[in-house]
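# Structural overview
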Amino acid sequence: MFRNFKIIYRRYAGLYFCICVDVNDNNLAYLEAIHNFVEVLNEYFHNVCELDLVFNFYKVYTVVDEMFLAGEIRETSQTKVLKQLLMLQSLE
């Protein structure tokens, strides 16, 4: 609990991924969203590590923007997210 929110987190190979959500939100849905987010990062960066997140933070924000909208889960399909990310990467 943090103020009127709860913090949901999951650890993957030394990296902690945290989400702050409303008290009434479903924990399992957000644990699954974290897992899905990590799988997309893993596919996008080819075995994601801390340095990928630090030096490519703008790409991580792009992944967040593709998967979440206004704090809610927007897209759950990894293939759709990765397709969109590759399209955006080709524009660079």
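Each remark here, short or long, concerns the structure printed above.
Figured I'd write up the structure that's included with this text. All figures in this text were calculated on a predicted structure; none of them were measured in a lab. (Residues numbered from 1 in each chain as written. Predicted model: local features only at pLDDT ≥ 70, side-chain atom pairs only at ≥ 80, totals over all residues. Heavy atoms only, no water.)

### Considerations on the overall build of the protein
Worth spelling out the cut-off: Secondary structure elements follow DSSP: runs of H or I no shorter than four residues count as helices, runs of E no shorter than two count as strands, and numbering proceeds from the N terminus. Burial classes follow relative accessibility: with a 1.4 Å probe on protein chains only, a residue under 20% of its type's maximum area counts as buried, one over 50% as exposed, and anything between as partly exposed. Whether two residues touch is decided by their heavy atoms; if any such pair falls within 4.5 Å, the residues are in contact. Each accessible area is a Shrake-Rupley result for a 1.4 Å probe, and residues are judged covered by the shown protein chains and nothing else.
Of the regular secondary structure elements, the protein holds 4 helices and 4 strands. Secondary structure elements of the protein occur, N-terminal to C-terminal, as β-β-α-α-α-β-β-α. Along the first, second and third principal axes, the C-alpha set of the protein runs to 40 × 25 × 20 Å. The buried share of the protein, reckoned over its 92 residues, is 33%. Once local pairs closer than 6 in sequence are excluded, the contacts in the protein between residues at least 24 apart make up 36%. Counting every atom, the protein has about 6600 Å² of accessible surface; 54% of that belongs to carbon and sulfur.

### Concerning the nonpolar core
Where a protein is soluble and globular, its nonpolar side chains tend to be buried together. Threshold: As used here, the term nonpolar core means buried Ala, Val, Leu, Ile, Met, Phe, Trp, Tyr and Cys residues forming a set that is joined through side-chain atoms within 4.5 Å.
Counting 23 residues, the largest nonpolar core has Phe 17, Phe 37, Leu 41 and Val 63 as its most contacted members. Only β1 (5-12), β2 (15-22), α1 (27-45), α3 (57-67) and α4 (78-91) provide two or more residues apiece to this core. The biggest single contributor to this core is α1, with 9 residues. Excluding residues within four positions of it along the chain, Leu 41 makes contact with Phe 17, His 46, Val 48, Leu 53, Val 60 and Val 63.

### Describing the packing of α1 against α4
Rules: Between N-to-C directions, angles cover 0 to 180 degrees, with each direction set by a line fitted to C-alpha atoms, over the stretch in contact for helices. Working rule for angles: under 35 degrees goes down as roughly parallel, over 145 as roughly antiparallel, 65 to 115 as roughly perpendicular, anything else as oblique. We call a crossing left-handed when the near helix sits turned anticlockwise from the far one by less than a right angle, and right-handed when that turn is clockwise.
Direction vectors running N to C along α1 and α4 enclose 40°, while the axes themselves pass 10 Å from each other. As summarised for this structure, α1 and α4 are arranged oblique, according to the angle between their axes. Where α1 crosses over α4, the handedness of that crossing is right-handed. In contact with Asn 36, Glu 39, Val 40, Glu 43 and Tyr 44 of α1, α4 contributes Gln 78, Val 81, Leu 82, Leu 85 and Gln 89.

### Some words on the packing of aromatic side chains
Just so we agree on the cut-off: Classification of ring pairs rests on two measures: the distance between centres of Phe, Tyr or Trp rings, Trp counted by its six-membered ring, which must be within 6.5 Å, and the angle between planes, read as stacked under 30 degrees, edge-to-face over 60 and tilted in between.
Inspection of every chain in the model, using the stated rule, returns 7 aromatic pairs. Their ring planes at 70° and their centres at 6.2 Å tell us that Tyr 12 and Phe 17 sit as a pair that is edge-to-face. We classify Phe 17 as buried; its relative accessible area is 11%. Between Phe 57 and Tyr 61, the ring centres sit 6.2 Å apart and the planes meet at 80°, which makes this aromatic pair edge-to-face.

### A look at the pattern of salt bridges
Where charged atoms of side chains with opposite charge meet at close range, the side chains can pair. So the rule is basically this: Any carboxyl oxygen of Asp or Glu within 4 Å of a side-chain nitrogen of Lys or Arg constitutes a salt bridge here.
With the rule as written, the count across this model stands at 1 salt bridge. In this structure, Glu 66 and Arg 74 form a salt bridge, with 3.6 Å as the shortest nitrogen-oxygen distance.

### Looking at the pairing of β1
Where we set the bar: Paired strands, in this sense, are two strands between which DSSP finds at least two bridges.
With 8 bridges connecting them, β1 and β2 associate as antiparallel partners. In the strand pairing of β2, Phe 5 is matched with Asp 22. A loop of 2 residues connects β1 with β2, the two strands running antiparallel in sequence, and Ala 13 in this loop sits at a positive phi of about 45°.

All quantities given are derived from atomic positions and should not be read as evidence of function.
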